[in-house]
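Next come the chains, spelled out residue by residue.
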Amino acid sequence: MTTTTAAETTVQQPPKPIRLFLVDDHPLVRDGLRARLGAMPNLEIVGEAGSGAEALALLDTLRCDLMLVDVGMKDMNGIDLAALVLQRDQQGPSRPAPHIVMLSMYDNPEYVQKAMQVGARGYVLKDAPAAEIVAAIEAVSAGGTFLSPAVSKKLFRNQAPRPLLTPRESEILTALGRGESSKQIARDLGLSVRTVEAHRQSIKRRLGIEGQAELIKYAVEHAREFGQG
């Protein structure tokens, strides 16, 4: 008599689909996402919301693995919503917060950095092909992170090494960032005004800056890091 072991009769169960919650204040965008993602066998759309407030209310009862969240919603932007959702995860392990992938029309590095700082795990552009959005969902669901290639490239450029300035140029740029005039800088550093102006021209060439207003703006935003060099 032939016997069959339990191991031989075990049927491997297919993996459970990733449960998605779509949050976007434009119905047409949600329709497009539903059409593109709903047909994927490993994805299941379990809920939709048209605002941050609606999303928070639905999360009280909705079970989802990952949220696709629009950055630019009107009532509550997506980054603030992500922060609130992920704060819930810190209140207890009984119901962990879902992973969050941001959807945006904007590839602004500042938005990307803020989203990642609050705990989002992915940032994808809305005009990305469906395969890219799916790749983001799968990567984040597996515990990784994902940035659209266009976003990643721009973020890398934004974090490029600072231009090399001489110690004297760094001093002058730092002083400009404090709002000092060429005359004040000349007096403080024991230089002539003409020498300070020459250094300013050199700084602009090194930084690829043309106008004085742009130089002052750059100095205010970056002088502290040059002052540390």
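Summary of the structure given here. Computed from a predicted model, the values in this text were never measured in an experiment.

## Observations concerning the overall build of the chain
Then, in step 1: In terms of regular secondary structure, the chain is built from 11 helices and six strands.
Then, in step 2: Counting all 229 residues of the chain, 38% fall into the buried class.
Then, in step 3: For the chain, the proportion of contacts with a sequence separation of at least 24, taken over those separated by at least 6, is 59%.
Then, in step 4: Of the roughly 13400 Å² of accessible surface on the chain, 54% is carried by carbon and sulfur atoms.

## Details of the pattern of salt bridges
Then, in step 1: Evaluated as defined, the whole model comprises nine salt bridges.
Then, in step 2: For Glu48, the salt bridge is made with Arg34, and the minimal N-O distance between the two is 2.6 Å. Residue Glu48 is found in strand 2 (residues 43–49), and its partner Arg34 is found in helix 2 (residues 27–37); the two are separated by 14 residues along the sequence.
Then, in step 3: By relative accessible area, which is 24% here, Glu48 ends up partly exposed.
Then, in step 4: Glu171 serves as the salt-bridge partner of Arg168, at 3.0 Å between the closest nitrogen and oxygen. With Arg168 and Glu171 both in helix 8 (residues 167–177), this residue pair falls three residues apart, about one helical turn.
Then, in step 5: Given the relative accessible area of 28%, Arg168 is considered partly exposed.
Then, in step 6: Members of the salt-bridge network, linked through shared partners, are Arg30, Asp31, Arg34 and Glu48.

## A look at the environment of Asp25
Then, in step 1: The topology assignment puts Asp25 in the loop between strand 1 (18–23) and helix 2.
Then, in step 2: What Asp25 contacts, discounting residues up to four positions off in sequence, is Arg30, Gly50, Asp70, Gly72, Met73 and Lys74.
Then, in step 3: There is a polar contact of 3.2 Å between the side chain of Asp25 and the backbone nitrogen of Lys74.

## Some words on the pairing of strand 5 (residues 122–125)
Then, in step 1: The two faces of strand 5 match: Gly122 and Val124 on one face and Tyr123 and Leu125 on the other face are all buried.
Then, in step 2: Regarding the hand of the β-α-β motif, the stretch spanning strand 4 (residues 99–104), helix 5 (residues 109–118) and strand 5 is right-handed.
Then, in step 3: Where strand 5 and strand 6 (residues 146–147) come together, two bridges link them in parallel fashion. Each residue of the ladder has a partner; that of Tyr123, found in strand 6, is Leu147.
Then, in step 4: Viewed along the sheet, the connection from strand 5 through helix 6 (residues 130–141) into strand 6 turns out left-handed.

## A word on the packing of aromatic side chains
Then, in step 1: Counted by the stated rule, this structure contains one aromatic pair.
Then, in step 2: Pairing Tyr106 with Tyr111 gives two aromatic rings, centres 5.8 Å apart and planes at 75°, and the pair type is edge-to-face.
Then, in step 3: Judged by its relative accessible area of 43%, Tyr106 falls in the partly exposed class.

## As for the nonpolar core
Then, in step 1: Membership of the largest hydrophobic core comes to 28 residues, with the highest contact counts inside it found for Phe21, Val23, Met67, Leu81, Ile100 and Met102.
Then, in step 2: Put simply, the parts of the chain that give this core at least two residues each are strand 1, helix 3 (52–59), strand 3 (66–70), helix 4 (78–88), strand 4, helix 5, strand 5 and helix 7 (149–158).
Then, in step 3: Take this core: its biggest share by element is five residues, from helix 4.
Then, in step 4: Sequence-distant contacts of Phe21, defined by excluding residues within four places in its chain, comprise Gly47, Glu48, Ala49, Ala55, Leu58, Leu59, Leu62, Cys64, Leu66, Met67 and Leu68.
Then, in step 5: Core analysis: the second largest hydrophobic core is formed by 18 residues, Leu33, Leu103, Val124 and Ile133 among them.

## Considerations on the pairing of strand 3
Then, in step 1: For strand 3, the buried fraction is high: five of the five residues fall into the buried class.
Then, in step 2: Where strand 1 meets strand 3, four bridges bridge the pair, whose relative direction is parallel. Pairing of Val23 across the sheet is with Val69, part of strand 3.
Then, in step 3: Across five bridges, strand 3 lies against strand 4 in parallel orientation. Bridged to Leu66 within strand 4 is His99.

Parameters at a glance
Residues numbered from 1 in each chain as written. Predicted model: local features only at pLDDT ≥ 70, side-chain atom pairs only at ≥ 80, totals over all residues. Heavy atoms only, no water. Helix = DSSP H or I, 4+ residues; strand = E, 2+ residues; numbered from the N terminus. Buried < 20%, exposed > 50% of the residue type's maximum accessible area, 1.4 Å probe, protein only. Contact = heavy atoms within 4.5 Å. Areas by Shrake-Rupley, 256 points an atom, 1.4 Å probe, with all protein chains shown as cover. Salt bridge = Lys/Arg side-chain N within 4 Å of Asp/Glu carboxyl O. Polar contact = N/O pair within 3.5 Å; in protein donor to acceptor, adjacent residues only side chain to side chain. Right-handed = clockwise from strand over helix to strand, strands pointing away. Pairing = 2+ DSSP bridges. Phe/Tyr/Trp six-rings, centres within 6.5 Å; stacked < 30°, edge-to-face > 60°. Core = buried A, V, L, I, M, F, W, Y, C linked by side-chain atoms within 4.5 Å.

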